[in-house]
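This is what each chain is made of:
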Amino acid sequence: VFVRPMPLAGPVNLQCIGLVNNNTNRILWIDSSGVGEYLQKYDIYRSANGSPYTLLTSIYSDTLNYFEDVTAFDNTTNNYCYYIKGVNKCGISGLASDTLCSFGQDNFQKNYIEYVTVRGNSEIELKWGTFPDGPYSTFYIYRSQRSSPGNFELIETLVNPTVEKWNDTHVDTQEESYCYYIVNRNLCGSLSQPSNLGCSILLQGNAQPLLNILHWTPYEDWTG
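Keep in mind the model is a prediction, meaning the values are calculated, not measured. (Residues numbered from 1 in each chain as written. Predicted model: local features only at pLDDT ≥ 70, side-chain atom pairs only at ≥ 80, totals over all residues. Heavy atoms only, no water.)

(A) Representation of the overall build of the protein chain in the model. Along the protein chain, the regular secondary structure elements total zero helices and 17 strands. Its C-alpha radius of gyration of 25 Å places the protein chain more than 25% over the 17 Å reference for a compact globule of 224 residues. Each principal axis of the C-alpha distribution contributes one length, and for the protein chain these read about 105 × 35 × 25 Å. Counting over 224 residues, the protein chain shows a buried share of 41%. Nonlocal contacts in the protein chain, meaning residues at least 24 apart in sequence, comprise 60% of its contacts between residues at least 6 apart. For the protein chain, the computed accessible surface area is about 12,800 Å², with 52% contributed by carbon and sulfur atoms. Charge-centre separation for the protein chain: the mean point of 13 positive side chains lies 8 Å from the mean point of 22 negative side chains. (Helix = DSSP H or I, 4+ residues; strand = E, 2+ residues; numbered from the N terminus. Rg over C-alpha atoms; globule rule 2.2 N^0.38 Å. Buried < 20%, exposed > 50% of the residue type's maximum accessible area, 1.4 Å probe, protein only. Contact = heavy atoms within 4.5 Å. Areas by Shrake-Rupley, 256 points an atom, 1.4 Å probe, with all protein chains shown as cover. Lys, Arg positive; Asp, Glu negative; His and termini not counted. Charge placed at Lys NZ, Arg CZ, Asp CG, Glu CD.)

Next up, the structure:
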């Protein structure tokens, strides 16, 4: 009787590292180990600022394809590098993946609000430009009243949106002008820079004999 050795795991395909916050890195990979039911776990190794690699954690799942390292402290100043090895059910490690480091993994994309326009007394429409990873990411929409500049609050979270517009129906456009900006979190978990600011126009006026006086808030702001 000849017993074939259990196959070794091939190298995992590391996709990216997302900087979720200052102390958390999100590692995303595709399982290309090719051993299927013979896979026992993934071993994730880490190095900080060129130090020797040590075993960080083990993932006992063949369906999970990401891990969040919550001990990546000050990841904007410290460079954390990772690689992954698949281990079969005989406890034998396979080939190591490529190495991926956190430096250079920031989300440098920046969205652009094309317009903010009033659609009714209680509705404002936002339209933004095509975002490269839009259908695979999360959009956070922040709003402030023009009368209280700088007091922005998160009002909507759009996960994997299929259209590039959204309507805000919790406004009073006869009394207030509203300003918006958008932040994007990509598939790997990194936040983008805030978009430009888009503010609605509040038109007001008064009537005098044979004279109507109109005044309005300026629009902010188009690229041109």
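(B) Representation of the nonpolar core. The biggest cluster of nonpolar side chains holds 18 residues, and the ones touching the most others in it are Ile27, Trp29, Tyr42, Ile44, Tyr82 and Ile84. Elements with a minimum of two residues in this core: strand E1 (13-21), strand E2 (24-30), strand E3 (39-48) and strand E6 (80-88). The next biggest cluster of nonpolar side chains, apart from the first, holds 15 residues, and it includes Ile113, Phe131, Ile141 and Val171. (Core = buried A, V, L, I, M, F, W, Y, C linked by side-chain atoms within 4.5 Å.)

(C) Structural context of the packing of aromatic side chains. Under the defined criterion, the tally for this structure stands at six aromatic pairs. On the numbers, 4.9 Å between centres and 10° between planes, the contact of Tyr142 with Tyr181 is stacked. Of the two residues, Tyr142 is situated in strand E11 (residues 138-145) and Tyr181 in strand E14 (residues 178-185); the sequence distance between them amounts to 39 residues. Judged by its relative accessible area of 19%, Tyr181 is buried. (Phe/Tyr/Trp six-rings, centres within 6.5 Å; stacked < 30°, edge-to-face > 60°.)

(D) Region of the structure containing the environment of Thr117. With respect to the helices and strands, Thr117 occurs in strand E9 (residues 113-120). If we skip the residues at most four places from it in the chain, Thr117 touches Glu123, Ile124 and Glu125.

(E) Structural context of the state of the cysteines. Scanning the entire structure with this criterion turns up three disulfides. Covalently, Cys16 is tied to Cys188 through a disulfide, its sulfur atoms 1.5 Å apart. On the sign convention where negative is left-handed, the bridge of Cys16 and Cys188, at about -85° about the S-S bond, is left-handed. Of this pair, Cys16 sits in strand E1 while Cys188 sits in the loop between E14 and strand E15 (198-199), placing them 172 residues apart in sequence. The exposure class assigned to Cys16 is buried, which follows from its relative accessible area of 10%. Judged by relative accessible area, which is 11%, Cys188 ranks as buried. Sulfur-sulfur distance for the disulfide between Cys81 and Cys101 comes to 2.0 Å. (Disulfide = S-S within 2.5 Å.)

(F) Representation of the pairing of strand E13 (residues 165-168) within the structure. In E13, alternate side chains face the same way, and those of Trp166 and Asp168 are buried while those of Lys165 and Asn167 on the opposite face are not. Alignment of strand E10 (residues 123-128) against E13, held across four bridges, turns out to be antiparallel. Of the residues in E13, the one forming a bridge with Lys127 is Lys165. (Pairing = 2+ DSSP bridges.)

(G) Fine view of the sheet that holds E13. Reading across the sheet, the three strands line up as E9-E10-E13 and stay open at both edges, with antiparallel pairing between neighbours. Unpaired on one side and paired on the other, E9 and E13 mark the two borders of the sheet. The mean inter-strand angle of the sheet, taken between neighbouring strand axes irrespective of direction, is 20°. Where E9 and E10 come together, six bridges link them in antiparallel fashion. In the strand pairing of E10, Val118 is matched with Ile124. (Axes fitted to C-alpha atoms, helices over the stretch in contact; angles between N-to-C directions.)

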